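Coordinate inspection notes
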Amino acid sequence: MEVDFTKSPDGLVPAIIQDAISHRVLMLGYMNREALDKTLAEKRVTFFSRSRNRLWTKGEESGNFLNLVSAALDCDQDTLLLKVHPVGPVCHTGADTCWNEKNKDTASFLTGLEQVIRDRKENPTEKSYTASLFAKGINKVAQKVGEEAVELVIEAKDDNKDLFLGEAADLLFHYLILLQAKGFTLEDVITILKERHK
């Protein structure tokens, strides 16, 4: 990345920190060339601390590191966007973000789960249930979705909340496997739902 550190008299550029899964903005810090190089090399976010006047790896005291997933540069080449997997709360106050927002987007969990399922498909192991389904082919995967759908319908007729939710989770999980087996993602389905919603 050709970052232009010369636009600021102190040689620092803003670094926006975003959760790679939930996409929530977690904090803003500043980097010089050395901080950026260390971040890219170690895959843990390091800033230049203006108050300490030195490099500072987020989490070096608390253990709440920001594990780097990706780095991007804006169109003016003077602002960074770092996508991370945070370990614990990000703000020094103990909050999830420096704006005291919760970083709890339950829908984003499905994105992470899809990534795990894709990994099981692309890097199968003998111990993986998901990989074993992919190995059996599309007919077996589709059959499992049908079985789970029937079990959910049966549980819907009763009043056992735990059994109903368990079957709902099983159906959703196997549905995500079926989408991957067909080469699609939940985002493809959401796009169709958005178009229908207009």
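Residues numbered from 1 in each chain as written. Predicted model: local features only at pLDDT ≥ 70, side-chain atom pairs only at ≥ 80, totals over all residues. Heavy atoms only, no water.

Right, let's get into the pattern of salt bridges. Side-chain pairing between opposite charges can occur once the charged atoms of the two side chains come close. Counting across every chain of the model gives nine salt bridges. Put simply, Arg24 and Glu101 hold a salt bridge, and the shortest N to O gap is 3.4 Å. Here Arg24, found in the loop between strand E1 (13-19) and strand E2 (25-31), pairs with Glu101, found in the loop between strand E6 (80-86) and helix H2 (106-122); they are 77 residues apart in sequence, far enough to count as distant. The partly exposed category is assigned to Glu101, whose relative accessible area is 35%. Arg54 is paired through a salt bridge with Glu60; the nearest N and O atoms lie 3.0 Å apart. Here the salt bridges share partners, and the residues they tie into one network are Arg52, Arg54, Glu60 and Glu61. (Salt bridge = Lys/Arg side-chain N within 4 Å of Asp/Glu carboxyl O. Helix = DSSP H or I, 4+ residues; strand = E, 2+ residues; numbered from the N terminus. Buried < 20%, exposed > 50% of the residue type's maximum accessible area, 1.4 Å probe, protein only.)

Attention now goes to the UniProt feature "domain: Phosphoribosyl-AMP cyclohydrolase" (unreviewed entry) in the protein. Under the UniProt annotation, "domain: Phosphoribosyl-AMP cyclohydrolase" (unreviewed entry) lies at residues 27-99. Taken end to end, residues 27-99 is 14% helix and 38% strand, and its two terminal C-alpha atoms sit 8 Å from one another. (UniProt positions renumbered as here; feature names shortened; annotations may be inferred.)

All right, on to the nonpolar core then. Ranked by size, the top nonpolar core spans 19 residues in total, and within it Ile17, Met31, Val45, Phe47, Leu66, Leu80 and Leu82 carry the most contacts. Mapped onto this core, the elements with two or more residues apiece are E1, E2, helix H1 (33-42), strand E5 (66-73) and E6. Residues in contact with Leu82, not counting those within four places in the same chain, are Ala15, Ile16, Ile17, Gln18, Met31, Val45, Leu68, Ser70 and Ala71. (Core = buried A, V, L, I, M, F, W, Y, C linked by side-chain atoms within 4.5 Å. Contact = heavy atoms within 4.5 Å.)

Turning our attention to unusual backbone geometry. With a phi angle near 65°, Lys43 is a residue other than glycine that sits in the positive phi range. Along the chain, the position of Lys43 falls in the loop between H1 and strand E3 (46-49). The partly exposed category is assigned to Lys43, whose relative accessible area is 46%. Residues other than glycine seldom take positive phi values, yet Asn100 does so here, at roughly 60°. Mapped onto the fold, Asn100 is located in the loop between E6 and H2.

This part covers the packing of helix H4 (residues 138-156) against helix H5 (residues 161-181). Relative to each other, H4 and H5 sit at 160°, their axes nearing to 8 Å. Accordingly, the angle class assigned to the pair H4 and H5 is roughly antiparallel. The interaxial crossing formed by H4 with H5 has left-handed handedness. For the pair H4 and H5, contact is made by Ile138, Val141, Ala142, Lys144, Val145, Glu148, Ala149, Glu151, Leu152, Glu155 and Ala156 and by Leu163, Phe164, Glu167, Ala168, Asp170, Leu171, His174, Tyr175, Ile177, Leu178 and Ala181, respectively. For the contact of H4 with H5, the class distribution of residues is 15 nonpolar, one polar and six charged. (Axes fitted to C-alpha atoms, helices over the stretch in contact; angles between N-to-C directions. Parallel < 35°, antiparallel > 145°, perpendicular 65-115°, else oblique. Left-handed = near helix turned anticlockwise from the far one by under 90°. Nonpolar A, V, L, I, M, F, W, Y, C, P; charged D, E, K, R; others polar.)

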